[in-house]
Amino acid sequence: MAVIRDVMPAFDLLQPTSVADAQKLLAEHGSDAWVLAGGLDSFDWLKDRIRKPKVVVDLSGIEELRGVRTTGNNGSEGIEIGAMTTLTEVVNHPIIQQKYGLLAESAELVASPQIRNQGTIGGNVSQDTRCWYYRGGWPCYRAGGNICYADTPEGRNREHAILHADRCVAVNPSDSAPALIALDAKFVIRTPKGERVVDAEDYFIGPDIDITRLHILRPGDLLMAIRIPSTWAGAQFYFEKIRDRNVWDFPLMNVAAAMVTSGDTIERIRIAVNGAAARPLRLKTVEDAVRGKPRNATTGEMAGKLAIQGAIPLQFNAYKIPLMRNLVKRAISGVEEATWTS
Amino acid sequence: MTEKTSNDAPKAVSRRNFIKGVITSGVAVSSAGYLFRASTLLHGQQLTGGVGERLITLNVNGQQRRVDVMKQETLASTLRYKLGLTGTKLGCDRAECGSCTVLIDDIPHYSCSVLAHTVRGRKVMTIEGLASADGTLHPVQQGVIDEQGFQCAFCMSGFIMTAVGYLKTNPNPTRRELANGISGCLCRCQDYDKILTALMRGAENSRRSKLG
């Protein structure tokens, strides 16, 4: 339970109005600077006094980072979403709803209405893990220490990783990330050396690559926009998020799939899960195994079993293995997801 | 004569009005226990260079308010402790409970998780700004009174502001839709059913008042 203190420690708030100015400020202040998007991840760090930046660079005044644009002739090549576009704007955008409904669906399941009104798509994919040992300021691996408090016999690790853990067992909490991977999105990053475009799945990294970050951004880098190609426009989509509480909560696990079928046969597919590892996982082996197979329960069953190969449970999160198996199974076989009624 | 005057004076100034008075008059801000201890805080901290302008103008409830705001100050703090608008409540201070919800450019936001400096040039509306100048309550407020929707009502301003914001995007919601719209607010009395009934009545009142 968070402790309410009267005010955050002092920092200087810088409010650039262009990306160029923001970059200049970030270069000037280096690791003293903190990049602020919607703030819903940032303020927890600052209020808890775990992170104490001297300078906060607020991106909310940069107009060029906002909004959804079509690319190509009338959107023939897809869309580009500015990193500072709010999740509510993503959810309500007519083209995203019509053609890339997977993203709209995933964004609509993030947190609560007020958070979606303020939280940004760039922030949602770049937010830090919610492992409470790490968030609570414990000197764990991710914080630069040499122990994982969650991966101990008494550690509270019900929400933690079942795959690809390496010292740290934290998971990525984003809902939009797996949807963007399934849609084959590209992330546009402005580094001090110039622009870089990476595949969505390569934006995220596990502890084997860098144990202190969930994504590839380095100090001074800015996520500018997310491009969604038209490749999967209007495909069959499946998104499901499992959480303890139906509002506000982070996913225990989620699954996102985009699929093109011909008759019964799965012709093309991309599928990703999040909440299983430190990065959202694209399930390539599942994609390869189900391509050319009929979209039915048997294929789903096979896909689910394949997806969980190599999973290792911790003390309290073994449930995540059948959970992942069933989510993948449902995504592939196209079963109507379980609905909650009041 | 002197004695008589003192006897006629109002016996008890409520704690809230006392605090409001203190804030308005701008003296002895640190006398109330839970207010900012701004002076002590700043003594203990080194401010970084180039702190910039702190005296800013915020558009709150249609008024231009000049106010001295620290860079790290949340909008909820400014509203409550600098502008005396204590109708906005602080529950969790973590974007979880919704009690601090205000409208910024007509959109509900958790004011505990917005820096006051970032709303310059935008329109902030708090629960104090809902009623019209002649005192007529906002239709949603009236709905809450009609249905006696709340128990302790600490969460009420947040729920009302959230509902008012939601109804701007969907004036005629089903009960389920409105429940989803206000799902970012928590009520510790677990009074959700009656709150929803009250806010549905508020939605109805709003539609009627627009017709009439």
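Residues numbered from 1 in each chain as written. Chains lettered and ligands numbered in written order. Predicted model: local features only at pLDDT ≥ 70, side-chain atom pairs only at ≥ 80, totals over all residues.

1. Notes on the overall build of chain A
Piece 1. The number of helices and strands found in chain A is 13 helices and twelve strands.
Piece 2. Relative to the 2.2 N^0.38 estimate, which gives 20 Å for 342 residues, the radius of gyration of chain A is 20 Å and therefore close to what a compact globule would have.
Piece 3. Principal-axis analysis of the C-alpha atoms gives chain A an extent of 60 × 55 × 45 Å.
Piece 4. Within the span of chain A, comprising 342 residues, buried residues form 54% of the whole.
Piece 5. For chain A, the share of sequence-separated contacts (at least 6 apart) that also reach a separation of at least 24 residues comes to 64%. (Helix = DSSP H or I, 4+ residues; strand = E, 2+ residues; numbered from the N terminus. Rg over C-alpha atoms; globule rule 2.2 N^0.38 Å. Buried ≥ 20, exposed ≤ 12 C-beta atoms within 10 Å, placed from the backbone. Contact = placed C-beta atoms within 7 Å.)

2. Thoughts on unusual backbone geometry
Residue and element names in this part refer to chain B.
Piece 1. Even without being a glycine, Asn-61 presents a positive backbone phi close to 50°.
Piece 2. Considering the arrangement of structural elements, one finds Asn-61 in the loop between β1 (55-60) and β2 (63-68).
Piece 3. Residue class for Asn-61 comes out partly exposed when judged on the 18 C-beta atoms lying within 10 Å of it.
Piece 4. One non-glycine residue with positive phi stands out, namely Asp-105, at about 50°.

3. As for the interface of chain A and chain B
Piece 1. The interface is formed by 28 residues belonging to chain A together with 34 residues belonging to chain B.
Piece 2. In terms of residue count, helix α6 (residues 113-118) of chain A provides more of the side of chain A that touches chain B than any other element does, five residues in total.
Piece 3. Along the lines of polarity and charge, the residues of the side of chain A that touches chain B split into 15 nonpolar, seven polar and six charged. (Nonpolar A, V, L, I, M, F, W, Y, C, P; charged D, E, K, R; others polar.)

4. A closer look at the domain arrangement of chain B
All names here are of chain B.
Piece 1. For chain B, the assigned domains are domain 1 (13-45 + 54-129) and domain 2 (139-211).
Piece 2. Taken together, the contacts link 15 residues of domain 1 with 14 residues of domain 2.
Piece 3. Secondary-structure elements contributing two or more residues to the side of domain 1 that touches domain 2 are β3 (101-104) and β4 (107-110).
Piece 4. Broken down by element, the residue count for the side of domain 1 that touches domain 2 peaks at three residues, all from β3.
Piece 5. Here the side of domain 1 that touches domain 2 is composed, by residue class, of seven nonpolar, six polar and two charged. (Domains from an automatic or database assignment.)

5. Quick look at the sheet that holds strand β3 (residues 55-58) of chain A
All names here are of chain A.
Piece 1. One open sheet holds the three strands; their spatial order is β1-β3-β2, and the pairing between them is parallel. Each edge of the open sheet is held by one strand with a lone partner, namely β1 (12-14) and β2 (33-36). On average, each strand axis in the sheet is inclined to that of its neighbour by 25°, with strand direction left out of account.
Piece 2. Pairing of β2 with β3, which is carried by four bridges, proceeds in the parallel orientation. Pairing of Leu-36 across the sheet is with Asp-58, part of β3.
Piece 3. Across the sheet, helix α1 (residues 19-29) touches β1, β2 and β3, and the angle it forms with β3 is around 165°. (Pairing = 2+ DSSP bridges. Axes fitted to C-alpha atoms, helices over the stretch in contact; angles between N-to-C directions.)

6. Structural notes on the packing of helix α12 (residues 297-307) of chain A against helix α13 (residues 320-333) of chain A
All names here are of chain A.
Piece 1. Two elements in contact, α12 and α13, have axes separated by 7 Å at closest approach and are oriented at 145°. Once α12 is placed against α13, the crossing between them reads as right-handed. Contacts from Ala-297, Thr-299, Gly-300, Glu-301, Ala-303, Gly-304, Lys-305 and Ala-307 in α12 reach Met-324, Arg-325, Asn-326, Val-328, Lys-329, Arg-330, Ile-332 and Ser-333 in α13. (Left-handed = near helix turned anticlockwise from the far one by under 90°.)

7. As for the sheet that holds strand β6 (residues 186-191) of chain A
Residues and elements named next belong to chain A.
Piece 1. Across the sheet, five strands lie side by side as β4-β5-β8-β6-β7; this open sheet has antiparallel pairing. What marks the edges here is a single partner per strand, and that holds for β4 (68-71) and β7 (194-199). The sheet shows a mean angle of 25° between the axes of neighbouring strands, taken without regard to direction.
Piece 2. Here β4 runs beside strand β5 (residues 78-82); their pairing, made up of four bridges, is antiparallel. Within β5, the position partnered with Arg-69 by the bridge is Glu-80.
Piece 3. Running at roughly 135° to strand β8 (residues 222-229), α1 makes contact with β6 and β8 of the sheet.

8. Brief notes about the domain arrangement of chain A
Reports of interface size often rely on the accessible area that becomes lost once the parts have come together.
All names here are of chain A.
Piece 1. In terms of domain boundaries, chain A breaks down into domain 1 (12-61) and domain 2 (68-126 + 171-333).
Piece 2. Computed over C-alpha atoms, the centres of domain 1 and domain 2 are 26 Å apart.
Piece 3. In this complex, domain 1 contributes 13 residues to the contact, which on the side of domain 2 involves 13 residues.
Piece 4. Grouping the amino acids of the side of domain 1 that touches domain 2 by side-chain chemistry returns seven nonpolar, five polar and one charged.

9. Comments concerning the pairing of β2(B)
Piece 1. With zero of six residues buried, β2(B) lies mostly on the surface of the structure.
Piece 2. The hairpin formed by β1(B) and β2(B) contains two residues between the paired strands, and B:Asn61 there has a positive phi angle of roughly 50°.

10. Quick word on the packing of helix α5 (residues 139-147) of chain B against helix α8 (residues 192-211) of chain B
Residue and element names in this part refer to chain B.
Piece 1. Interhelical geometry of α5 versus α8 gives an angle of 135° and a closest axis separation of 7 Å. In terms of axis orientation, α5 runs oblique to α8. Crossing of α5 over α8 shows right-handed handedness. Residues Pro-139, Val-140, Gln-142, Gly-143, Val-144, Asp-146 and Glu-147 of α5 lie in contact with α8, whose contacting residues are Lys-194, Thr-197, Ala-198, Leu-199, Arg-201, Gly-202, Asn-205, Ser-206 and Ser-209. (Parallel < 35°, antiparallel > 145°, perpendicular 65-115°, else oblique.)

11. Looking at the environment of A:Val7
Residues and elements named next belong to chain A.
Piece 1. Position of Val-7 relative to the elements: it lies in the segment before β1.
Piece 2. Of the residues examined, Val-7 has 18 C-beta atoms within 10 Å and is grouped as partly exposed.
Piece 3. Taking C-alpha positions, Val-7 is 7.5 Å from Lys-47, a pair spaced 40 residues apart along the chain.

12. Points about the pairing of strand β9 (residues 236-242) of chain A
Residue and element names in this part refer to chain A.
Piece 1. Across the seven residues that make up β9, a large majority, five, are buried.
Piece 2. Inspection of the sheet shows β9 paired to strand β10 (residues 253-262) by seven bridges, in the antiparallel sense. Counted as the bridge partner of Gln-236 is Met-259 from β10.

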